[in-house]
Amino acid sequence: MKSGIVAVVGRANAGKSTLVNVLVGEKVAIVSPKPQTTRDRILGVLTTEDYQIAFIDTPGIYRADNLLNSVMQKTTTDSVSDVDAVLFVMDAHEGLSDEDRKLLKKYASSSVPTILALTKIDIMPESLLISELKELSSENVEIVPVSARKGRNIKELIKVILAKLPEGEKLFEQDIISDRSEKFMVSEIMREKILLKFDKEIPHGVAIIINEFALSENGRTYRISLDIVCEKPNHKAILIGKGGRAIKEVSSFAREDMEKFLGKKVFLTTYVKVKEDWRNSAQLMKEYGYGDNA
């Protein structure tokens, strides 16, 4: 059978996490329309009778402006160092930038087989897609236009990926779809809802700390308590909202998704705390689960 590891890379907000979720068939990574949504490398495993593909979803590539972002960029670089193939994801709808071309040439010239996925083709004119395909045809990569949202060309993309992978045994057990724990995914769901609800810098300065993650004795409910850590007192005020309205709303949305993910009732308690400039503190980043390389 075919078996291998594929690093999914690309600029911030190219649609990497959405594509990985669709390829795996399960939600293994949170998504939002904002850059910097993915902070860690997250493994999503697709297993069939004939093959197993382990996708590594990586943080988006962009210029780092604090210690957390620098660690995220190092995570992406390290993730490509020992894989069987690279899936470079490019937002076709946004058009081809000089940075896209530079990054594509970098990966295409490496010793690791590289595949280019042009995403979001469902929201762009066909004439523009044809133009971009012609422009990229000189690059030493196979190109697959896809729409994760519509499921277009996903099977073709898997076929192209499989052609790059070696024969081998499964790397993971049949029922493994991610290397991340339920506790991690619960914290990510909370962060996803904050990304979707709040604007500007507030969501990017938030860390989620799980204080309690306990299943009841009858196995029917989870009791979850967490801290939402932000960087400024005025950010805390915005997150809480007038009369606590904002935090109640975002917590309700998060709880609904947590219940879908866990398959059980969830009692959720949230607190908002301030740790100024935590994204530039190696100690706090490690305490919050980031920055092993800081």
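For the structure given in this document, a descriptive report is provided here.

Below, the discussion takes up the side chain of Asp91. Mapping Asp91 onto the fold places it in strand β4 (residues 85-91). Asp91 gets classed as buried once you look at its relative accessible area, which sits at 9%. A distance of 3.0 Å separates a polar side-chain atom of Asp91 from the backbone nitrogen of His93. Polar side-chain contacts of Asp91 include one of 3.2 Å to the backbone nitrogen of Glu94. With sequence-adjacent residues up to four places away left out, Asp91 is seen in contact with Asn13, Ala14, Thr119 and Lys120.

Attention shifts here to unusual backbone geometry. Backbone geometry at Lys120 places phi at a positive 65°, although glycine is not the residue there. Mapped onto the secondary structure, Lys120 falls in the loop between β5 (114-119) and α4 (126-136). Residue Lys120 is classed as partly exposed on the basis of its relative accessible area of 23%. The backbone phi angle of Asp277 is positive, close to 55°, even though this residue is not glycine. Within the secondary structure, Asp277 sits in the loop between β9 (265-274) and α9 (282-287).

The biggest cluster of nonpolar side chains holds 27 residues, and the ones touching the most others in it are Leu19, Ile53, Phe55, Leu87, Leu157 and Ile161. Looking at this core, the elements with two or more residues in it are β1 (2-9), α1 (16-24), β3 (51-57), β4, β5 and α5 (154-164). The dominant element in this core, judged by the number of residues it contributes, is α5, at 6 residues. With residues near it in sequence (within four places) discarded, Ile53 still touches Gly4, Val6, Gly44, Val45, Leu46, Ile158, Ile161, Leu162 and Leu165.

This part is about the sheet that holds strand β8 (residues 221-230). The sheet built from 3 strands is open, its strands ordered β7-β8-β9 with mixed pairing. At either margin of the open sheet sits one strand with a lone partner, and together these are β7 (207-215) and β9. Each neighbouring strand pair of the sheet contributes to a mean axis angle of 15°, computed without reference to strand direction. One ladder, built from 8 bridges, connects β7 with β8; its direction is antiparallel. Within β8, the residue paired with Ile210 across the bridge is Leu226. Against the sheet, helix α7 (residues 233-240) touches β8 and β9, its axis set at about 150° to β9.

The rules behind each value
- Residues numbered from 1 in each chain as written.
- Predicted model: local features only at pLDDT ≥ 70, side-chain atom pairs only at ≥ 80, totals over all residues.
- Heavy atoms only, no water.
- Helix = DSSP H or I, 4+ residues; strand = E, 2+ residues; numbered from the N terminus.
- Buried < 20%, exposed > 50% of the residue type's maximum accessible area, 1.4 Å probe, protein only.
- Polar contact = N/O pair within 3.5 Å; in protein donor to acceptor, adjacent residues only side chain to side chain.
- Contact = heavy atoms within 4.5 Å.
- Core = buried A, V, L, I, M, F, W, Y, C linked by side-chain atoms within 4.5 Å.
- Pairing = 2+ DSSP bridges.
- Axes fitted to C-alpha atoms, helices over the stretch in contact; angles between N-to-C directions.

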